[in-house]
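# Residue-level structural notes
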Amino acid sequence: MSRVLIHSSREIEEMRASCELAADTLVMIGEHLRPGITTAEINTLVHDYTLAHKARPATLGYRGYPASVCTSVNEVVCHGIPGEQVLKDGDIINVDVTSILPDVPNGWHGDTSATYYVGEPSPEARHVVEVARRCLEIGVSMVKPEVRLGDIGAAIQEYAESRGCSVVREYTGHGIGRVFHAEPSVRHYGKVGTGVRLKKGMTFTIEPMINLGRKEIFHLDDDWTVLTRDRSLSAQFEHTVVVTRSGVDVLTKRRAPLTNSEDKPWADLGPVTCFTPEP
């Protein structure tokens with residue numbers, strides 16, 4: 001717990017600006033997504049939009065990552081590198097944006113992602129995307145002082161598995177502020193009553209990665225792109241949050257609805273039966 005930073009009200013308000021910019025970037029991207037667009041074009045849109053707002057994309061050059069955004073399509077779990085891939089009708093794509101504002105050393109980070117539909121999704125695609133969206137909602141709703149991170153992870157895991165999906169284990173949410181990745185590590189699975197106890201002023205991301213099939217993953221030789229081992233679809237949603245005196249403030253809450261993503265109050269679609277649930 002000594003390694004987890006507690007931010008002041010002034011620091012949180014400074015950080016809110018970067019979080020709002022990241023959220024606005026997702027709204028902007030949704031307006032451009034369509035069959036035929038390439039992931040490289042998405043990268044250009046994010047890069048130019050971020051610079052136009054006097055900010056910097058945090059991923060560009062981070063540990064050697066070569067792009068300004070992560071674009072993860074269909075069976076790609078996370079860290080998909082933008083390129084010449086053309087989006088097709090029925091695809092799903094997670095766009096993961098992190099903005100640094102102001103663009104100075106130790107500027108504040110705002111980190112958020114959403115999974116979008118490209119054209120008309122299949123029932124399987126809609127299922128995994130909406131389960132992932134609900135998993136994030138469940139996690140965020142539980143944030144308040146004295147709750148343990150294991151409580152949040154257990155609730156997310158229980159819901160995902162009850163809908164026949166699985167939770168990726170290798171990647172977690174993380175503390176965030178003037179650094180991109182910090183303590184605490186926020187697992188999206190776990191046991192009730194375990195993990196760090198939340199305190200007012202803690203800032204971190206919740207970002208469950210949910211697979212339609214099994215939880216196992218593998219990495220491509222580019223050292224970044226992560227895929228489901230069984231090549232099932234994967235979806236993710238992410239927010240940056242701060243623990244308040246009585247609950248949670250979602251710093252990356254969007255100020256407009258997303259295009260190409262349902263982004264509306266949850267309607268339980270029920271389980272689909274065309275895949276084998278995680279045992």
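Higher on the page you've got the structure.
## Points about the environment of Ala67
- Relative to the helices and strands, Ala67 is located in the loop between strand S1 (56-57) and strand S2 (70-73).
- Classification of Ala67 as buried rests on a relative accessible area of 4%.
- Considered as a pair, Ala67 and Asp48 are 19 residues apart in the sequence and their alpha carbons are 12 Å apart.
- Apart from residues lying up to four places away in sequence, Ala67 is in contact with Asn43, Thr59, Leu60 and Pro82.

## Details of the nonpolar core
- Within the largest apolar cluster, 54 residues are counted, with the highest numbers of intra-cluster contacts made by Ile93, Tyr116, Val128, Leu198, Phe204 and Ile210.
- Where this core is concerned, the elements lending two or more residues are helix H1 (9-30), helix H2 (39-52), strand S4 (92-101), strand S5 (108-117), helix H3 (123-141), helix H4 (149-162), strand S9 (203-206) and strand S14 (239-243).
- In this view, Tyr116 contacts Leu26, Ile29, Gly30, Leu33, Asp91, Ile92, Ile93, Val95, Leu258, Thr259, Asn260 and Ser261; residues no more than four positions away in its chain are not counted.
- In this structure, Met15, Cys19, Trp108 and Val242 belong to the second largest nonpolar core, which totals seven residues.

## Quick look at the packing of aromatic side chains
- By the definition in use, this model includes two aromatic pairs.
- For the ring pair Tyr62 and Phe180, a centre distance of 4.8 Å and an interplane angle of 50° mean the geometry is tilted. One end of the pair, Tyr62, is in the loop between S1 and S2; the other, Phe180, is in the loop between strand S7 (173-175) and strand S8 (182-186), and 118 residues separate them in sequence.
- A centroid spacing of 5.0 Å and a plane angle of 80° characterise the contact between Tyr65 and Trp224, whose relative ring orientation is edge-to-face.

## Quick notes on the environment of Leu198
- Within the secondary structure layout, Leu198 lies in the loop between S8 and S9.
- We classify Leu198 as buried; its relative accessible area is 0%.
- Along the chain, Leu198 and Ile176 lie 22 residues apart, while their C-alpha atoms are 14 Å from each other.
- The residues contacting Leu198, other than those within four sequence positions of it, are Val143, Lys144, Pro145, Glu146, Val147, Leu149, Ile152, Phe204 and Val243.

## Quick look at the pairing of S2
- Alternating residues of S2 divide into Cys70 and Ser72 and Thr71 and Val73, and every residue in both groups is buried.
- In this structure, S2 lies alongside S4, joined through four bridges in antiparallel fashion. Bridge assignment links Val73 to a residue of S4, and that residue is Ile93.

## So, H2
- Compared with an ideal rise of 1.5 Å per residue, which puts 14 residues at 20 Å, H2 spans 20 Å between its outermost C-alpha atoms and is within 8% of the ideal.
- Turning to H2, its buried residues number three or more, namely Thr39, Ile42, Asn43, Val46 and Thr50. Looking straight down H2, one finds that the buried residues subtend no more than 100° of arc, so they occupy a single side.
- Structurally, H2 contributes buried residues whose contacts are with H1, S1, S2 and S4.
- Among the residues trailing H2, Lys54 stands out with phi positive, at a value near 60°.

## Remarks on the packing of H1 against H2
- Two elements in contact, H1 and H2, have axes separated by 10 Å at closest approach and are oriented at 140°. When the axis of H1 is compared with that of H2, the two are oblique. Note on packing geometry: the crossing formed by H1 with H2 is right-handed. Counted together, Leu21, Asp24, Thr25, Met28 and Ile29 of H1 and Ile42, Leu45, Val46 and Tyr49 of H2 form the full contact between these two elements.
- Among the residues forming the contact of H1 with H2, the class breakdown is seven nonpolar, one polar and one charged.

## Describing the pattern of salt bridges
- Counted under the stated rule, the structure contains 17 salt bridges.
- Between Arg255 and Asp24 there is a salt bridge, with its nearest N and O atoms 2.4 Å apart. Residue Arg255 is located in the segment after strand S15 (248-250), and its partner Asp24 is located in helix H1; the two are separated by 231 residues in the primary sequence.
- According to the relative accessible area criterion, Arg255 is exposed, its value standing at 56%.
- Taking the shortest distance from any N to any O, the salt bridge between Arg56 and Asp103 comes out at 2.6 Å. Of this pair, Arg56 sits in strand S1 while Asp103 sits in the loop between S4 and S5, and the two are 47 residues apart along the sequence.

The rules we used
Residues numbered from 1 in each chain as written. Predicted model: local features only at pLDDT ≥ 70, side-chain atom pairs only at ≥ 80, totals over all residues. Heavy atoms only, no water. Helix = DSSP H or I, 4+ residues; strand = E, 2+ residues; numbered from the N terminus. Buried < 20%, exposed > 50% of the residue type's maximum accessible area, 1.4 Å probe, protein only. Contact = heavy atoms within 4.5 Å. Core = buried A, V, L, I, M, F, W, Y, C linked by side-chain atoms within 4.5 Å. Phe/Tyr/Trp six-rings, centres within 6.5 Å; stacked < 30°, edge-to-face > 60°. Pairing = 2+ DSSP bridges. Expected span 1.5 Å × (residues − 1). Arc of directions from axis to C-beta. Axes fitted to C-alpha atoms, helices over the stretch in contact; angles between N-to-C directions. Parallel < 35°, antiparallel > 145°, perpendicular 65-115°, else oblique. Left-handed = near helix turned anticlockwise from the far one by under 90°. Nonpolar A, V, L, I, M, F, W, Y, C, P; charged D, E, K, R; others polar. Salt bridge = Lys/Arg side-chain N within 4 Å of Asp/Glu carboxyl O.

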